[in-house]
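Structural overview for review
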Amino acid sequence: WYFGEGATPSESNAQNPVVTYTQPGVHDVKLVAINTSGSSEIIKEEYITILDDEIAPFLEQFEDENFPENISASNWYIKSTGEELTWKRTGIASYDGIGSLRISSQYFNSQDIIHELVSPELDFSNQTTSTENTLSVYFNLAYAKRVPYTIGGESIIDDYLTVSVSKDCGESWIQRGSWDTNELNTKGDSIVFNPYAPESVDWKEKQVNIQTAAEEESVIIKFSFSGKGILQEEEAINVDNGTIITNNVGGNWLYIDNIRIGNGDWETLNNNLQRIDLEILPNPILNNNGYLRFYLPKNERLKISMYDVFGKKLIEQEKLFMEGNNTFSLSSFVFQQKPGLCFIKISSDEFLGNHKIIILNN
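Summarised in this report is the structure supplied together with it.

Thoughts on the overall build of the protein chain
Assigned secondary structure in the protein chain consists of three helices and 30 strands. Taking the principal axes of its C-alpha atoms as reference, the protein chain extends roughly 75 × 55 × 50 Å. Going through the 362 residues of the protein chain one by one, you find that 45% of them count as buried. For the protein chain, the share of sequence-separated contacts (at least 6 apart) that also reach a separation of at least 24 residues comes to 68%. When the accessible surface of the protein chain is split by element, carbon and sulfur atoms take 45% of a total near 18800 Å². Put simply, the protein chain has 27 plus and 52 minus side-chain charges, and the middle of one group is 7 Å from the middle of the other.

Encoded structure:
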């Protein structure tokens, strides 16, 4: 057996070896069998996952740009899905703070692949539950339907989110919450065909009861998302209002933020960023002019960032702004950018502001 770096032992000739890993991460395992006729080997890639450990109550707000490999906090685990787009942190929108996590089935293939997001291993020894204070997972989400088509009143989009809990290191999972496309929708009757970025009013809180995990020493929470996107070929689909021909039945972006696990005084863990209202003039904007306007209650060094609709950072600058009304020229940000929808964000350790911007050809 070969277990790789960080394993003790790193290799073994025992039939059923017991192995200890000193560092969290994902590890391959190789087995080599040898006899007088020769040898054969098999490699299981990403076969063993070692999670970070934390003590509940636990808060994740996706502030670290390196998520899931957080620099100053415990890592999460995102199960590999090959080349298919999966859970990814974004700075485009957030419920609270400067980042959130998002996923979209619009970019999936036609196979039913489950996209898993797994928390660190949590010690719930000091977590109790009662009818007045139920032990729970809380989070905020935002989601909009991409197309209006329904079959029998149900959306043609089959996006599905579940939250599960494990008390045996992931050997078994108990599903504690689930939502289909209609239940995920926080945008009402509005359809957002273009890539979706939520407004502040779009965010809704979800609560998942996990009281059976009270006082357990090892608890893992898993978010699972599934849906179909690009079909093998165009299909004629009979919907309630007629027939459509399409090769993509995927949904829009689903955003998740502000995950709270356990019984906690969340205000003491919350970063409590102060919101800044931004104004972009004009908007839409030509690709050679325009400016940003906002008010600051004190002097502050801010990062000004611009992202495309996929969350890719296009440009970023840092500048010291003075207390009071401020303006910032966007000419260097929009110059030679392709026409379309982008997002402007200003942020620091204490302040956050973001706004959509539409760039036109000059």
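Quick look at the sheet that holds strand β25 (residues 291–296)
The pairing of strands in a sheet comes from backbone hydrogen bonds and takes either a parallel or an antiparallel form. Across the sheet, three strands lie side by side as β23-β25-β28; this open sheet has antiparallel pairing. Of all the strands in the sheet, the pair left with one neighbour each is β23 (279–281) and β28 (324–329). Strand-to-strand twist across the sheet, computed as the mean angle between neighbouring axes with direction ignored, equals 25 degrees. One ladder, built from six bridges, connects β25 with β28; its direction is antiparallel. The partner of Tyr291 across the bridge, within β28, is Ser329.

Side note on the side chain of Arg260
On the secondary structure map, Arg260 appears in strand β21 (residues 254–261). By relative accessible area, which is 8% here, Arg260 ends up buried. Here the side chain of Arg260 touches Asn258 through a polar contact of 3.0 Å, landing on its backbone oxygen.

Quick look at the layout of surface pockets
In this structure, the largest pocket encloses a volume near 480 Å³. What lines the largest pocket is a set of 17 residues, and nearest its centre among them are Thr49, Leu51, Cys169, Gly170 and Ile220. The set of elements that each furnish at least two residues to the lining of the largest pocket consists of β4 (38–50), β10 (115–118) and β18 (220–226). Broken down by element, the lining of the largest pocket gets its largest block of residues, five residues, from β4. What the second largest pocket holds in volume is close to 410 Å³.

A closer look at the pairing of strand β26 (residues 300–307)
Within β26, six of the eight residues are buried, which leaves the element mostly enclosed by the surrounding structure. The antiparallel pairing of β26 with strand β27 (residues 313–321) creates a hairpin that spans five residues between the two strands, and Gly311 there sits at a positive phi of about 90 degrees. Bridge count for β26 against strand β29 (residues 340–347) is five bridges, and the pairing is antiparallel. From the neighbouring strand, Met306 faces β29, where its bridge partner is Ile344.

Looking at the side chain of Thr246
Positionally, Thr246 belongs in strand β20 (residues 242–248). You can call Thr246 buried: its relative accessible area is 16%. Within the local environment of Thr246, its side chain forms a polar contact with the backbone nitrogen of Asn248, the two atoms lying 3.0 Å apart.

Points about the nonpolar core
Of all hydrophobic cores here, the largest spans 42 residues; its most connected members are Trp87, Phe139, Leu161 and Phe223. Within the residue set of this core, elements represented by two or more residues are β9 (100–103), β12 (136–143), β15 (160–166), β18, β19 (230–239) and β21. Those residues in contact with Phe223, other than ones at most four positions away along the chain, are Trp76, Trp87, His115, Glu116, Leu117, Val137, Phe139, Thr162, Val163, Ile256 and Ile259. Residues Ile285, Leu296, Val334 and Phe351 belong to the second largest nonpolar core, which totals 21 residues.

As for unusual backbone geometry
With the exception of glycine, the majority of residues adopt a negative phi angle, and the majority of peptide bonds are in the trans configuration. The omega torsion of the bond from Ala56 to Pro57 falls at 10 degrees, within 30 degrees of zero and hence cis. Positionally, Pro57 belongs in the loop between β5 (53–55) and β6 (58–60). For the bond from Leu281 to Pro282, the omega torsion is -15 degrees, close enough to zero to count as cis. Here Pro282 is to be found in the loop between β23 and β24 (285–286). We note that Glu46 has phi near 50 degrees; this positive angle belongs to a residue other than glycine. In this structure, Glu46 sits in strand β4.

So, the sheet that holds strand β7 (residues 77–78)
Across the sheet, which stays open at both edges, the five strands sit in the order β7-β10-β18-β15-β16 with antiparallel pairing between neighbours. Looking at strand neighbours, the two that pair on one side only are β7 and β16 (174–180), the edges of this open sheet. Bridging between β7 and β10 involves two bridges; their strand directions are antiparallel. Residue pairing in the sheet places Ile78 in a bridge with Leu117 of β10.

What about the packing of aromatic side chains?
Inspection of every chain in the model, using the stated rule, returns 15 aromatic pairs. A ring pair is formed by Trp1 and Phe3, whose centres lie 6.0 Å apart and whose planes are at 10 degrees; its orientation type is stacked. Overall, Trp1 belongs to the partly exposed group, its relative accessible area being 27%. The exposure class assigned to Phe3 is buried, which follows from its relative accessible area of 5%. With a centroid separation of 6.3 Å and 70 degrees between ring planes, the pair formed by Trp203 and Tyr255 is classed as edge-to-face.

Things to note about the pattern of salt bridges
According to the stated counting rule, one finds 10 salt bridges in the structure shown. The partner of Glu316 in a salt bridge is Lys313, and the shortest N-O contact between them spans 3.1 Å. Connected through shared salt-bridge partners, Glu65, Lys313 and Glu316 make up one network.

Cut-offs applied
- Residues numbered from 1 in each chain as written.
- Predicted model: local features only at pLDDT ≥ 70, side-chain atom pairs only at ≥ 80, totals over all residues.
- Heavy atoms only, no water.
- Helix = DSSP H or I, 4+ residues; strand = E, 2+ residues; numbered from the N terminus.
- Buried < 20%, exposed > 50% of the residue type's maximum accessible area, 1.4 Å probe, protein only.
- Contact = heavy atoms within 4.5 Å.
- Areas by Shrake-Rupley, 256 points an atom, 1.4 Å probe, with all protein chains shown as cover.
- Lys, Arg positive; Asp, Glu negative; His and termini not counted.
- Charge placed at Lys NZ, Arg CZ, Asp CG, Glu CD.
- Pairing = 2+ DSSP bridges.
- Axes fitted to C-alpha atoms, helices over the stretch in contact; angles between N-to-C directions.
- Polar contact = N/O pair within 3.5 Å; in protein donor to acceptor, adjacent residues only side chain to side chain.
- 1 Å grid on protein atoms, 1.4 Å probe; cavity = no way out; pocket = protein on both sides within 12 Å on 5 of 7 lines; lining within 4 Å.
- Points joined across faces, edges and corners; volume = space filled by probe spheres on them.
- Core = buried A, V, L, I, M, F, W, Y, C linked by side-chain atoms within 4.5 Å.
- Phe/Tyr/Trp six-rings, centres within 6.5 Å; stacked < 30°, edge-to-face > 60°.
- Salt bridge = Lys/Arg side-chain N within 4 Å of Asp/Glu carboxyl O.

These results come straight from atomic positions and should not be treated as a statement about function.
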